[in-house]
Structure formats: structure tokens, C-alpha cells
Amino acid sequence: MDVRDLQSINLASIIKEPGSAQADGVIRDEIIAGDDHLPLQGDTRWSVTVSSAGDEYWLSGEVHGTVMMECRRCLKPTPQRVDAYFQHLLEYHPGIEQLTLVEGEDGEDVYHFGEPDLDLSFFIAQAFALAMPYTALCDESCKGLCPVCGADLNTTDCGHVPQADIGGALADLGRFLDEV
Ligand SMILES: [Zn+2]
Ligand SMILES: [Zn+2]
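Now for a quick tour of the structure.

Parameters and conventions
Residues numbered from 1 in each chain as written. Chains lettered and ligands numbered in written order. Predicted model: local features only at pLDDT ≥ 70, side-chain atom pairs only at ≥ 80, totals over all residues. Buried ≥ 20, exposed ≤ 12 C-beta atoms within 10 Å, placed from the backbone. Helix = DSSP H or I, 4+ residues; strand = E, 2+ residues; numbered from the N terminus. Contact = placed C-beta atoms within 7 Å. Pairing = 2+ DSSP bridges. Core = buried A, V, L, I, M, F, W, Y, C linked by C-beta atoms within 7 Å.

### A closer look at helix 2 (residues 121-131)
Buried residues of helix 2: Phe 123, Ile 124, Ala 125, Ala 127 and Phe 128, and no others. For helix 2, the secondary structure elements touched by its buried residues are strand 3 (30-33), strand 4 (36-53), strand 5 (56-70) and strand 6 (77-92).

Quick look at the structure:
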């Protein structure tokens, strides 16, 4: 299979003549979204189509993969499926050095780009990060970490009192203090 590591699409042909362009590829290891490095499991596949729309270009794409997130209870790396779809309006302004978000006349977001070879990594990473769940759970029945010693209660019985019983123990202590 032909695998492209580069996240870009060349729009030279549709800048010259109306039409559409298509590109796809595979991302491995991680997606970098701003300051976040999102670790991936297996191949993450993306595809993008850009079509001329008058003076503008309509970009639509999708990205599908599996991101590793920490279980919110036990912190174990937990795979989470991500399916993201994105659409953006673009305008070509030769000479612009980097992708710039501009508000259009009708208040819509338009991205200005200055090179026919359009870098897609920003669009892909943004859509992927937005489609991720806020938190992950390795299993509905995950017991989490012991609040006393930090042991993984799914695999270890460290013998510490479960949190739910601490309230009862404190009530007993209170009664005891009242009686003294
Ligand atoms: Zn867990
Ligand atoms: Zn413990």
C-alpha cells in the first residue's frame, strides 16, 4: 500500500483551473495538537478533498484512529476510538507565510493560505483533538487507585479501607468521642 507520511495536499492544479483535489495518508505514533502530544495505537488514517468554489476552496476531510488516554480512575493507558470529520473554507493569498484564520464578510471562518502545497496537519490535529472524549475509563468496573498507597485496586488488594467506609469509621469515632 502506498503510504504517505506527509500531511499535505497540492492545490496547484485547482488554483490554475477549477476542480477538486484529493489526498490521503497515514499517521503513526502521535498527533501533535498545540502543546499536546496524543499517542496513537496503530495507524490513523486521514483523507481530504478540496474543491474550488468561486474564489474560495471548500476543504472537507476525515480522520480515523485510536488514541491512548489515561483511565480517569487507574491511569492505565486506555485506547479510545476517534472518528473526526471537518470542513473549512479556504482562500488562496499568494505570499502569506502561514495559515491564517480570518473572519469572512458573513461572519464565517475562512482560512487564508499562501502556498499551493497546503499543510493539513493543523486541520487534522484540530479535528482529531476535538473528537476525543474528555476522559477515558479502562472498564466500567475499574476500581481505581488506592487513595492511601496508590496501588492499582484492579490488580492488588493492599488491605487499606475503601473510601466509602471511611465515613462510617469517622462516625463511629465521633460517637466514641461523644461518650468520653
Ligand atoms: Zn482504570
Ligand atoms: Zn492501599
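From this point, the narrative continues.
### So, the pairing of strand 6
Summarising the sheet, strand 5 and strand 6 pair through 15 bridges and their orientation is antiparallel. Across the sheet, residue Met 69 finds its bridge partner in strand 6, namely Thr 78. Where strand 5 folds back onto strand 6 in an antiparallel hairpin, the turn is made up of 6 residues, including Leu 75, whose phi is positive at roughly 70 degrees.

### A short note on the environment of Ala 131
Take Ala 131: it is sitting in helix 2. As for Ala 131 and His 64, which are separated by 67 residues in sequence, their C-alpha atoms are 10.0 Å apart. Each residue touching Ala 131, except ones within four places of it in the same chain, is listed here: Val 82, Asp 83 and Ala 84.

### A short note on the nonpolar core
One finds Ile 9, Val 50, Ile 124 and Phe 128 to be the most contacted residues of the largest nonpolar core, which totals 24 residues. Beyond its immediate chain neighbours, meaning those up to four positions away, Ile 9 contacts Ala 21, Ala 23, Val 48, Val 50, Leu 118 and Leu 120.

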